[in-house]
Amino acid sequence: MEKEQGDGGMEHRERADPLSEAERGMILNTWGRVYENCEDVGVSILIRFFVNFPSAKQYFSQFRDMEDPEEMERSTQLRKHARRVMNALNTVLENLHDPDKVASVLGLVGKAHAIKHKVDPMYFKILSGVILEVLTEDYPDCFTPEVQRAWTKLMGVVYWHVTGAYAEVGWVQLSSSAV
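Here goes a summary of the coordinates provided. (Residues numbered from 1 in each chain as written. Predicted model: local features only at pLDDT ≥ 70, side-chain atom pairs only at ≥ 80, totals over all residues. Heavy atoms only, no water.)

### Describing the packing of aromatic side chains
In step 1: Summed over all chains, the structure comprises twelve aromatic pairs.
In step 2: Stacked on the ring of Tyr-159, the Lys or Arg Lys-125 has its end atom at 4.1 Å from the ring centre. (Phe/Tyr/Trp six-rings, centres within 6.5 Å; stacked < 30°, edge-to-face > 60°. Lys NZ or Arg CZ within 6 Å of the ring centre and 35° of its normal.)

Dropping the structure here:
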């Protein structure tokens, strides 16, 4: 892994290892199954994310006050956001063969979340873990340990690009020791 210097409190970024051809193939094969049910899978991911990490709801005025998972599941706004998340991931996966396109798509996502939504980038790391949990549980037959490793590597690539966009726009994350 390469170290990169950035600004805005996000220095010491470790470059994510690129995906091999075999890993890209495994990811795309499993994604085909997942994407057939993209809205329901996306809703499951967001509900688990918000139930396990309720502080993430602060960025969503439409469903910030929802506590009940069943209420979340019925929320039109949550379903819409789930579709956006899954479609963005689909765009990344459709372009895995083109690193520049992947960087561009994830750069736009990162910049929008940094500038417009002011979302702490740590939530992308948390969401990546939730995505992996849900996919592994919902598709146990195709999320073998080898496939899980490939997806974990993919989530590292996603996080690296998104946080790179945060650094580009000068995101400053105050640590708890900041005065």
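### Quick look at unusual backbone geometry
In step 1: Phi angles above zero are rare outside glycine, and Lys-118 is one such case at about 55°.
In step 2: Structurally, Lys-118 is set in the loop between helix 5 (99-116) and helix 6 (122-138). (Helix = DSSP H or I, 4+ residues; strand = E, 2+ residues; numbered from the N terminus.)

### Focus: the layout of surface pockets
In step 1: Approximately 680 Å³ is the volume attributed to the largest pocket.
In step 2: What lines the largest pocket is a set of 26 residues, among which His-81, Val-85, Val-109, His-113 and Phe-124 lie closest to the centre.
In step 3: When contributions to the lining of the largest pocket are tallied by element, the ones reaching two or more residues are helix 2 (38-52), helix 4 (76-94), helix 5, helix 6 and helix 7 (145-168).
In step 4: In terms of residues, the lining of the largest pocket owes the most to one element, helix 4, which gives six residues.
In step 5: For the lining of the largest pocket, the class distribution of residues is 20 nonpolar, five polar and one charged.
In step 6: In this structure, the second largest pocket encloses a volume near 440 Å³.
In step 7: Arg-15, Pro-99, Val-102, Val-157 and His-161 are, among the 21 residues lining the second largest pocket, the residues nearest its centre.
In step 8: Taken together, the elements giving at least two residues each to the lining of the second largest pocket come down to helix 5 and helix 7.
In step 9: The greatest single-element share of the lining of the second largest pocket, amounting to seven residues, is contributed by helix 7.
In step 10: Looking at the lining of the second largest pocket residue by residue, the classes come out as eleven nonpolar, three polar and seven charged. (1 Å grid on protein atoms, 1.4 Å probe; cavity = no way out; pocket = protein on both sides within 12 Å on 5 of 7 lines; lining within 4 Å. Points joined across faces, edges and corners; volume = space filled by probe spheres on them. Nonpolar A, V, L, I, M, F, W, Y, C, P; charged D, E, K, R; others polar.)

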